[in-house]
Amino acid sequence: MLLEEKTGKEPDVTDDLQRIRGAAQHLLDLVNDLLDLSKIEAGKVDMTLKTFDVRQLVLEVAETVRPLLAKNVNSLSLDITPRADTMHADPNRVRQCLLNLLSNALKFTRHGKVGLTVTREFLDGRDKLVFAVSDTGIGMTPDQLSRLFLDFQQASPETAQKYGGTGLGLAITRRLCQLMGGDVKVTSEPGVGSTFTITLPAETQLPAAATPPVSPSVSNGVL
């Protein structure tokens, strides 16, 4: 609000206000990540399954991360196979996972390329959607990859100090994918880039424990 109401007559405090806004956004991200993590660990994650248009969801995600492109002078390419038309899952959770991966790719890549490909494949006897986010960023060593999906862990202390972040985004992404019957894997090479691949069933089925109980019926006064 203060940035929007600046008139130019007062001393220039734009840099200070932007730092305040950045710190507030970081705090908000941390709170949201902690809430998500606590829900996952308590088994209280709400899944609203519905059939949705995969292409439309990917285009919405791409539009959301567009402001990050200019920040690090990156380009973003999308490749969505026509067969990846619809899927039955929680669109909000799928969107959250893709946003996490794309935001990371754009954050750790400068003057480079980020791509998202979406395919539909028959794997392990099931029809699945495969979302691959690739970048030409800083990449990671095998040692860094080994702790990448741990809570509150980033690739290295130097990475955390330079790029910021909570160290929870990837851990939450993996757990959400697993709750939907899928997973996320990564390949990477230092100085070359990384590729994160999410694989999800085209038809998500909630575990039996997550299925709402059926109310008993009454017949002739007997339950």
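For the structure itself, look to the data block above.
Residues numbered from 1 in each chain as written. Predicted model: local features only at pLDDT ≥ 70, side-chain atom pairs only at ≥ 80, totals over all residues. Heavy atoms only, no water.

Participant: Got a sec to walk through the side chain of asparagine 72? Specific residues and values, please.
Facilitator: By the element assignment, asparagine 72 lies in the loop between α2 (54–71) and β2 (75–80). Owing to a relative accessible area of 11%, asparagine 72 belongs among the buried residues under this scheme. Polar side-chain contacts of asparagine 72 include one of 3.4 Å to the backbone oxygen of lysine 107. (Helix = DSSP H or I, 4+ residues; strand = E, 2+ residues; numbered from the N terminus. Buried < 20%, exposed > 50% of the residue type's maximum accessible area, 1.4 Å probe, protein only. Polar contact = N/O pair within 3.5 Å; in protein donor to acceptor, adjacent residues only side chain to side chain.)

Participant: Can you lay out the sheet that holds strand β4 (residues 113–123) for me, pointing to particular residues and giving the numbers?
Facilitator: Reading across from one edge, β2-β4-β5-β7-β6 is the order of the five strands in this open sheet, with mixed pairing throughout. Unpaired on one side and paired on the other, β2 and β6 (183–189) mark the two borders of the sheet. Each strand axis lies, on average, 15 degrees off the axis of its neighbour in the sheet, ignoring direction. With 10 bridges connecting them, β4 and strand β5 (residues 126–135) associate as antiparallel partners. Bridging across to β5, arginine 120 finds its partner in leucine 129. Against the sheet, α2 touches β2, β4 and β5, its axis set at about 175 degrees to β2. Where helix α3 (residues 91–107) meets the sheet, its contacts fall on β2, β4, β5, β6 and β7 (193–201), and the angle it forms with β5 comes to roughly 25 degrees. (Pairing = 2+ DSSP bridges. Axes fitted to C-alpha atoms, helices over the stretch in contact; angles between N-to-C directions. Contact = heavy atoms within 4.5 Å.)

Participant: Outline the nonpolar core, listing residues and values.
Facilitator: Ranked by size, the top nonpolar core spans 41 residues in total, and within it Val94, Val118, Phe131, Phe196 and Ile198 carry the most contacts. Of all the secondary structure elements, the ones that give two or more residues to this core are α2, β3 (86–89), α3, β4, β5, α6 (169–179), β6 and β7. When residues in this core are grouped by element, the largest group, seven residues, is from α3. (Core = buried A, V, L, I, M, F, W, Y, C linked by side-chain atoms within 4.5 Å.)

Participant: Could you give me a rundown of the packing of α3 against α6, with the residues and numbers involved?
Facilitator: Where α3 meets α6, the axes come as close as 10 Å, and the angle between the chain directions of the two elements is 145 degrees. Of the two elements, α3 crosses α6, and the hand of that crossing is left-handed. Counted together, Arg93, Gln96, Cys97, Asn100, Leu101 and Asn104 of α3 and Gly169, Leu170, Ile172, Thr173, Leu176 and Cys177 of α6 form the full contact between these two elements. When its residues are assigned to classes, the contact of α3 with α6 shows six nonpolar, five polar and one charged. (Left-handed = near helix turned anticlockwise from the far one by under 90°. Nonpolar A, V, L, I, M, F, W, Y, C, P; charged D, E, K, R; others polar.)

Participant: Tell me about unusual backbone geometry, and name the residues and values.
Facilitator: The phi dihedral of valine 73 is positive, around 55 degrees, even though this residue is not glycine. Looking at valine 73, the relative accessible area reads 48%, which means it is partly exposed. Phi at aspartate 124 takes a positive value of approximately 50 degrees, unusual for a residue other than glycine. As for its placement among the helices and strands, aspartate 124 is situated in the loop between β4 and β5. On the basis of relative accessible area, aspartate 124 is assigned to the exposed category, the value being 73%.

Participant: Explain the pattern of salt bridges to me, and be specific about the residues and the numbers.
Facilitator: Under the defined criterion, the tally for this structure stands at seven salt bridges. The salt bridge involving arginine 120 is made with aspartate 85; its shortest N-O contact spans 3.4 Å. Taken as a pair, arginine 120 in strand β4 and aspartate 85 in the loop between β2 and β3 lie far apart in primary sequence, 35 residues in all. On the accessibility criterion, arginine 120 (17% relative accessible area) is buried. Here aspartate 183 makes a salt bridge to arginine 174, at a shortest N to O gap of 3.3 Å. Using a relative accessible area of 25% as the deciding quantity, one classes arginine 174 as partly exposed. Each member of the salt-bridge network shares a partner with another, and the members are Asp85, Arg120 and Asp127. (Salt bridge = Lys/Arg side-chain N within 4 Å of Asp/Glu carboxyl O.)

Participant: Which residues make up the packing of aromatic side chains, and what values do they have?
Facilitator: Tallied over the full model, the rule gives one aromatic pair. Both rings, one in phenylalanine 149 and one in phenylalanine 196, keep their centres 6.5 Å apart while their planes meet at 80 degrees; by these two values the pair is edge-to-face. Taken together, the positions of phenylalanine 149 in the loop between α4 (142–146) and α5 (157–163) and phenylalanine 196 in strand β7 put the pair 47 residues apart, joining distant regions of the chain. Lying over the aromatic face of phenylalanine 149, arginine 174 brings its terminal NZ or CZ to 4.0 Å of the ring centre. (Phe/Tyr/Trp six-rings, centres within 6.5 Å; stacked < 30°, edge-to-face > 60°. Lys NZ or Arg CZ within 6 Å of the ring centre and 35° of its normal.)

Participant: Explain the packing of α2 against α3 to me, and be specific about the residues and the numbers.
Facilitator: Axis separation between α2 and α3 bottoms out at 10 Å; the angle between their running directions is 30 degrees. One finds that α2 runs roughly parallel with respect to α3. With respect to the hand of their crossing, α2 and α3 are arranged in right-handed fashion. Residues Leu57, Val58, Glu60, Val61, Thr64, Val65, Leu68 and Leu69 of α2 touch α3, and the partners they reach there are Pro91, Val94, Arg95, Leu98, Leu99, Leu102, Ser103 and Leu106. Of the residues in the contact of α2 with α3, the class split is 12 nonpolar, two polar and two charged. (Parallel < 35°, antiparallel > 145°, perpendicular 65-115°, else oblique.)

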